[in-house]
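Listed below are the residues making up each chain.
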Amino acid sequence: MNGINGVNGILRCLRPRLCPKTSPGLLRHLSSSLSSAVPSAGGAGGDGTGGDGYFNVASEFYRKANEGTGSRTYMETLKERQGVLESEIFSIAGGPFNLNSRAQLSKVIHGSGPTQSVSKDSLDAMAGGGNPLAGKVLKYREITSQIKRVEQSENRKAERRIRSSNLASKAAEGENGVTTGRDPLVLIDSSAYIFRSYYAMPPLHRSDGTPTGAVLGFCNMLNKLVMERLLRGERPRLVMVFDCGGKNFRHELYSEYKGNRPPCPVDLIPQFELIKDMASAYGVQRILAEGYEADDVIATLASRGVERGVNVNVVSSDKDLMQLVDDGGEGRGSCVLIDPMKQKRVGVEQVVEKWGVTPDKLGDVLALAGDTADNVPGVKGIGPKIASGLINEYGGLEELLERTDEVKQNKRREALQGSIETARLSRQLVELVRDVPTDKIEGMDNLEVEELRMEELDEDRLLNFYQEMGFRDIRRRMKNMFEGSVNGQPGVGSSVSNYVRKRRGGGGDGDGKEGEGGGGDAQKFDDVPF
């Protein structure tokens, strides 16, 4: 189905059913936003749903167009359409009958005699042969199923809201350990993890050829991080931080900064926007700042959180961010790194063990040792071990540079004396900006750092995203998990754990493939308390 014609078709078919208050501007916006989805929804191939895809897009259009207009709800629209179809069916049949009775439906469609099949395949065949009644019965069943799904989804949402309200009450009363310490602010270094996920996952593609491996790896991580809590009705403190792209102030200091990096893989480039779409599907705020790197935004948010008594977990394996690690103290929060690949928490003890200095001195060590990944020059001949020894001996980089004549080893002393300005430049390059101006930060929506939270779980939005990506297996499993949480049934935690364990092993989840684990350990988070 041609994309533009498909959208226009939806508009023509659905406009009479939309709320009277739906503005032309909203219609144009929805038409534009849906145009990219229609080609994958219709016809054979696409997302594998055939003609059902058209109905799914139409249903999504209904839902979005009627949300918040104050006229009719999505459920009311569906029920109205169901009533219209029911009247049309009875009109063709010559009178009312029980649509849920196989015997009565068979009699109406096939005539008198033994009851015959009225299965979907039978009705499909009859509709294809030009039987209008069979086609309308199929549409009636589809809408009835949709109504049932919406009712179940709304029931689950209501239960989660009740649980969330109970948790909020307990938090206010200080019960069950539901405190700031047990609800850390999770900052995901998204730009870095995209690359990690890309190299950890097999090369997956959806049906139109768009690569999706890194997207799937990111979904798996988020599911492990927050899905169990979302199913309990919580809204975790979690945001995704991105690089703004392009050059920043560090390039002005040193034009060769990051100049040795290879180009981004061609099949990763389109996945950056898809991962931003993924963030929206999960209800996660996307934060960035023009002219700054993701590390600077993370440093700013982490510093604000710690100062305000919020414990912060930074999901990253970037050594530069280890400078933020903080044990906290009276009235202050703590900050730790979570290495998503090694499944390890990095606190002060781990920083000292790895680098030989405390986090507040790590920038001095990195300045001396340099960084080939970011093309930070450092001091030639000085590695991390020697650098940490010098910083511990002299107390800091500036103290060392002012007393280079006291360094005993000749080559080391000469190297330092010949690279004093280079060392100071390197220190500027590795220094994290912890006070990015608020007006430069995009995506905060005027919220304070302690107010940053995910949106309430929207099952339909998330499942639709999985379908758009062609993640059939993860969609099926998560749909089953959502439905299994009705009435607060036990096993929510184990369901998430089982889901993650099943993600490991071979295969992938491109369109039509099962088992979207595989490709390294990008999804292993079982033993890491987030």
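Residues numbered from 1 in each chain as written. Predicted model: local features only at pLDDT ≥ 70, side-chain atom pairs only at ≥ 80, totals over all residues. Heavy atoms only, no water.

(A) Focus on the confidence of the model for the protein chain. Residue-level pLDDT values for the protein chain average 80, and 73% of them are 70 or greater. Taken as a whole, residues 1-7 scores under 50 in pLDDT and shows 15 contacts with residues more than four places along the chain or in a different chain. Counting contacts from residues 11-26, a segment whose pLDDT is below 50, to residues more than four positions away or on other chains yields 34 contacts. (pLDDT = per-residue confidence, 0-100. Contact = heavy atoms within 4.5 Å.)

(B) Structural detail: a positive patch on the surface. A cluster of basic residues, R196, K342, K344 and K354, forms a positive patch at the surface. Structurally, K354 is set in helix α14 (residues 348-355). The exposure class assigned to K354 is exposed, which follows from its relative accessible area of 57%. (Patch = residues over 30% accessible without salt bridge, like charges linked within 9 Å, V, L, I, M, F, W, Y side chains within 5 Å. Areas by Shrake-Rupley, 256 points an atom, 1.4 Å probe, with all protein chains shown as cover. Salt bridge = Lys/Arg side-chain N within 4 Å of Asp/Glu carboxyl O. Lys, Arg positive; Asp, Glu negative; His and termini not counted. Charge placed at Lys NZ, Arg CZ, Asp CG, Glu CD. Helix = DSSP H or I, 4+ residues; strand = E, 2+ residues; numbered from the N terminus. Buried < 20%, exposed > 50% of the residue type's maximum accessible area, 1.4 Å probe, protein only.)

(C) Region of the structure containing the packing of aromatic side chains. Enumeration over the complete set of coordinates arrives at 6 aromatic pairs. With a centroid separation of 5.0 Å and an interplanar angle of 80 degrees, the aromatic rings of Y193 and F218 are classed as edge-to-face. Placement of the pair is Y193 in helix α9 (residues 190-200) and F218 in helix α10 (residues 213-231), with a sequence separation of 25 residues. Between F195 and F272, the ring centres sit 6.0 Å apart and the planes meet at 65 degrees, which makes this aromatic pair edge-to-face. Within this pair, whereas F195 is found in helix α9, its partner F272 is found in helix α12 (residues 269-282), the two being separated by 77 residues in sequence. Owing to a relative accessible area of 23%, F272 belongs among the partly exposed residues under this scheme. Geometry around F242 places K276 over its ring, the cationic atom sitting 5.6 Å from the centre. (Phe/Tyr/Trp six-rings, centres within 6.5 Å; stacked < 30°, edge-to-face > 60°. Lys NZ or Arg CZ within 6 Å of the ring centre and 35° of its normal.)

(D) View of the pairing of strand β4 (residues 312-315). Burial of the side chains of β4 extends over both faces: V312 and V314 are buried on one face and N313 and V315 on the other. Note: strand β1 (residues 185-189) against β4, 4 bridges, orientation parallel. When the bridges of β4 are listed, L185 appears paired with V312. Two elements, β4 and strand β5 (residues 335-339), share 4 bridges in a ladder whose sense is parallel. Across the sheet, residue V312 finds its bridge partner in β5, namely C335. (Pairing = 2+ DSSP bridges.)

(E) The arrangement of the sheet that holds β1 in detail. Here 7 strands make up an open sheet; going across it, the order is β6-β5-β4-β1-β2-β3-β7 and the pairing mixed. The open sheet has two edge strands, β6 (344-346) and β7 (441-442), and neither has a second partner. Both β5 and β6 contribute to a ladder of 3 bridges, which runs antiparallel. Each residue of the ladder has a partner; that of I338, found in β6, is R345. Those strands touched by α12 are β2 (238-241) and β3 (285-289), and its axis lies near 135 degrees from that of β3. (Axes fitted to C-alpha atoms, helices over the stretch in contact; angles between N-to-C directions.)

(F) Expanded view of helix α5 (residues 74-93). Between its first and last C-alpha atoms α5 spans 29 Å; for 20 residues at 1.5 Å apiece the expected length is 28 Å, and the two agree. Where α5 is concerned, the buried positions are Y74, M75, T77, L78, Q82, L85, I89 and F90. Downstream of α5 by one or two residues, G94 has phi in the positive range, about 90 degrees. (Expected span 1.5 Å × (residues − 1).)

(G) Structural detail: the nonpolar core. If you look at the biggest cluster of nonpolar residues, it comprises 58 residues, and the most contacted ones within it are L187, I287, L301, V314, L324, W355 and L368. The element contributing the most residues to this core is helix α13 (residues 294-307), with 7 residues. Leave out the neighbours within four places in its chain, and V314 touches L187, I298, L321, C335, V336, L337 and I338. In terms of nonpolar packing, the next biggest core, distinct from the first, is built from 48 residues, L238, L288, L463 and I474 among them. (Core = buried A, V, L, I, M, F, W, Y, C linked by side-chain atoms within 4.5 Å.)

(H) Structural detail: the pattern of salt bridges. Inspection of every chain in the model, using the stated rule, returns 26 salt bridges. The shortest N-O distance in the salt bridge between R308 and E450 comes to 3.3 Å. Pair noted here: R308 is in the loop between α13 and β4 and E450 is in the loop between β7 and α20 (459-469), with a separation of 142 residues, a long-range link. Exposure remark for E450: the relative accessible area of 28% places this residue in the partly exposed category. Sharing partners across several salt bridges, the network here consists of D183, E228, R229, R232, E234 and R453.

(I) Structural context of α20. Among all positions of α20, only E459, L462, L463, F465, Y466, Q467 and M469 are buried. Capping of α20 at its N-terminal end is provided by D458; its side-chain oxygen lies 3.3 Å from the backbone amide nitrogen of D460. Just downstream of α20, G470 is the residue with a positive phi angle, here 80 degrees. (Polar contact = N/O pair within 3.5 Å; in protein donor to acceptor, adjacent residues only side chain to side chain.)

(J) Spotlight on the packing of helix α15 (residues 359-369) against helix α16 (residues 384-394). Their axes nearest at 9 Å, the elements α15 and α16 cross at an angle of 130 degrees. When the axes of α15 and α16 are compared, the pair comes out oblique. Between α15 and α16 the crossing geometry is right-handed. Residue-level contacts link K361, D364, V365, L368 and A369 of α15 to P384, A387, S388 and I391 of α16. (Parallel < 35°, antiparallel > 145°, perpendicular 65-115°, else oblique. Left-handed = near helix turned anticlockwise from the far one by under 90°.)

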